Amino acid sequence: MRILIFFGPPGAGKGTHAKIISEILNIPHISTGDIFRDAVKNETPLGKKVKEYLDNGKLVPDELVWEVVKERITKEDCKFGFILDGYPRTIPQAEFLKKFLSNAEIKVIYLRVSDEVVINRLTSRRVCKNCGAIYNLVSMPPKENNKCDFCGGELYQRSDDTEEVIRKRLDAYYKESQGLLEYYKNEGLLYEINGEEDKEIVTQKILKVVNNGV
Ligand code: AP5
Ligand code: MG
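Cut-offs applied
- Within every chain, residues take consecutive numbers counted from 1 along the sequence as written.
- Here chains are named by letter from A upward and ligands by number from 1 upward, in the order in which they appear as written.
- Owing to the predicted nature of the model, reporting of local features is limited to residues with pLDDT of at least 70; listing and counting of side-chain atom pairs is limited to 80 or more, with chain, interface and lining totals taken over all residues.
- Based on all heavy atoms of the structure, the side-chain values leave hydrogens and waters out of the count.
- A run of DSSP states H or I qualifies as a helix once it reaches four residues; a run of E qualifies as a strand once it reaches two. Both are numbered from the N-terminal end.
- We call a residue buried when its accessible area falls under 20% of the maximum for its residue type, exposed when it is over 50%, and partly exposed in between, using a 1.4 Å probe and counting protein chains only.
- Counted as a polar contact is a pair of N or O atoms within 3.5 Å, where, for protein atoms, one must be capable of donating a hydrogen and the other of accepting one, and residues adjacent in sequence contribute only when both atoms are in side chains.
- Note on contacts: a residue pair is in contact if any heavy atoms of the two residues lie within 4.5 Å.
- Only buried residues count toward a nonpolar core. Its members are Ala, Val, Leu, Ile, Met, Phe, Trp, Tyr and Cys residues joined through side-chain atoms within 4.5 Å.
- Summarising the geometry, the arc corresponds to the directions from the helix axis toward the C-beta atoms.
- Axes, fitted as lines to C-alpha atoms, cover a helix only where it is in contact. Angles between the N-to-C directions of the axes lie from 0 to 180 degrees.
- When the near helix sits turned anticlockwise from the far one by under a right angle, the crossing is termed left-handed; a clockwise turn instead gives a right-handed crossing.
- Residue polarity follows a fixed list, in which Ala, Val, Leu, Ile, Met, Phe, Trp, Tyr, Cys and Pro are nonpolar, Asp, Glu, Lys and Arg are charged, and the others, Gly among them, are polar.
- Working rule for helices: expected span equals 1.5 Å times residues minus one.

Asks: I keep staring at the side chain of Asp 160 and nothing clicks. Help me out?
Replies: Of note, Asp 160 is situated in the loop between β7 (155-156) and α7 (163-177). The class for Asp 160 is buried, based on a relative accessible area of 10%. At a separation of 3.0 Å, a polar atom in the side chain of Asp 160 contacts the side chain of Arg 158. Once residues within four sequence positions are removed from consideration, Asp 160 is found in contact with Leu 54, Val 165, Ile 166 and Arg 169.

What follows is the structure in structure tokens.
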């Protein structure tokens, strides 16, 4: 079983590239952020529990996130592998995963980007309401204003993409997630890629790691 973990700060390009690679490898793309946002939108019991964390750029508690991830990765479509986007984000989350997947081949793709790039990218990100496709008004605009190229859906701005909440998400990343770089380096699973290069170049570099591990 092949598992790819997309790791990096907010706006690193995890979602953008996880989607592309999942289509190429034909394995599911699992984004904890997307699962939580759907739950909030549909006002489910999970959504009610996580809303405040998302609104304030804080991490959802580890046990709750693991419950959601465990349920998803034990589904039939994950039996040959999957891509995790935004999980794990803390060492306890990584430990849950490690215990659960003792025999899997895991590669952690770390997309490195500076804070300045993060702020610029996220304040100009737009997402399709209907299919979740990710755009950027500066670097990847839709062909038609405010309309998804793939499904024609309306584009919106994520409520946590204000400069104030982006800074809180960055703080949470440095305080609680960055330690995972050392953790996965020690495990020999970390592959670092410059996430500031053009999307096509980043995709090629990820594919190289996926195929040969270099
Ligand atoms: P989540 O949805 O995972 O948000 P995030 O980590 O802040 O990351 P983003 O989705 O903002 O960025 P991304 O790296 O996916 O970048 P994207 O591809 O969109 O989590 C949201 C919240 O949920 C958290 O704050 C937390 O509350 C909670 N949560 C989720 N998982 C959790 C967990 N495990 N534990 C606890 N809490 C959890 O790209 C960004 C922009 O850049 C786009 O506009 C894109 O078009 C553009 N772009 C991408 N690549 C390039 C490129 N190479 N060149 C130019 N532009 C680019
Ligand atoms: Mg994302």
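Structure shown, so let's carry the discussion forward.
Asks: Looking at this structure, I do not really get the nonpolar core. What am I missing?
Replies: If you look at soluble globular proteins, the nonpolar side chains tend to sit buried side by side. Membership of the largest hydrophobic core comes to 34 residues, with the highest contact counts inside it found for Leu 84 and Tyr 184. Where this core is concerned, the elements lending two or more residues are β1 (2-7), α2 (32-41), α3 (45-55), α4 (62-73), β3 (81-85), α5 (91-100), β4 (105-112) and α8 (179-186). The element contributing the most residues to this core is α4, with 6 residues. For Tyr 184, the contacting residues outside a window of four places in its chain are Ile 5, Pro 88, Ala 94, Val 108, Leu 189 and Leu 190.

Asks: Honestly, α2 in this entry has me stumped. Any pointers?
Replies: Among all positions in α2, only Thr 32, Gly 33, Phe 36 and Ala 39 are buried. The buried side chains of α2 occupy one side of the element, clustering within an arc of 130° when seen end-on. In this fold, the buried residues of α2 make contact with β2 (29-31), α3, α4 and β3. Glu 43 lies just past α2 and shows a positive phi near 55°.

Asks: Explain the packing of α4 against α5 to me, please; I cannot follow it from the model alone.
Replies: Each pair of packed helices can be described by the angle between their axes along with the distance between the axes. It is the contact of α4 with α5, at a shortest axis distance of 10 Å, that shows an interaxial angle of 30°. In the crossing of α4 with α5, the sense of the turn from one axis to the other is right-handed. Across the interface between the two elements, Asp 62, Glu 63, Val 65, Trp 66, Lys 70 and Ile 73 from α4 touch Pro 92, Gln 93, Phe 96, Leu 97 and Phe 100 from α5. A breakdown of the residues in the contact of α4 with α5 according to their chemical character gives 7 nonpolar, 1 polar and 3 charged.

Asks: Looking at this structure, I do not really get α4. What am I missing?
Replies: Because each turn of an α-helix spans 3.6 residues, side chains separated by three or four positions end up pointing in the same direction. The terminal C-alpha atoms of α4, which comprises 12 residues, lie 16 Å apart, in line with the 16 Å expected from a rise of 1.5 Å per residue. Those residues of α4 that sit buried are Asp 62, Leu 64, Val 65, Trp 66, Val 68, Val 69 and Ile 73. Buried residues belonging to α4 abut β2, α2, α3, β3 and α5.

Asks: Explain the side chain of Ser 177 here, please?
Replies: Secondary-structure assignment places Ser 177 in helix α7. Among the polar contacts made by the side chain of Ser 177, one reaches the main-chain carbonyl oxygen of Arg 89 at a distance of 2.8 Å. Residue contacts for Ser 177: discarding those within four places in its chain leaves Phe 7, Leu 59, Arg 89 and Ala 172.

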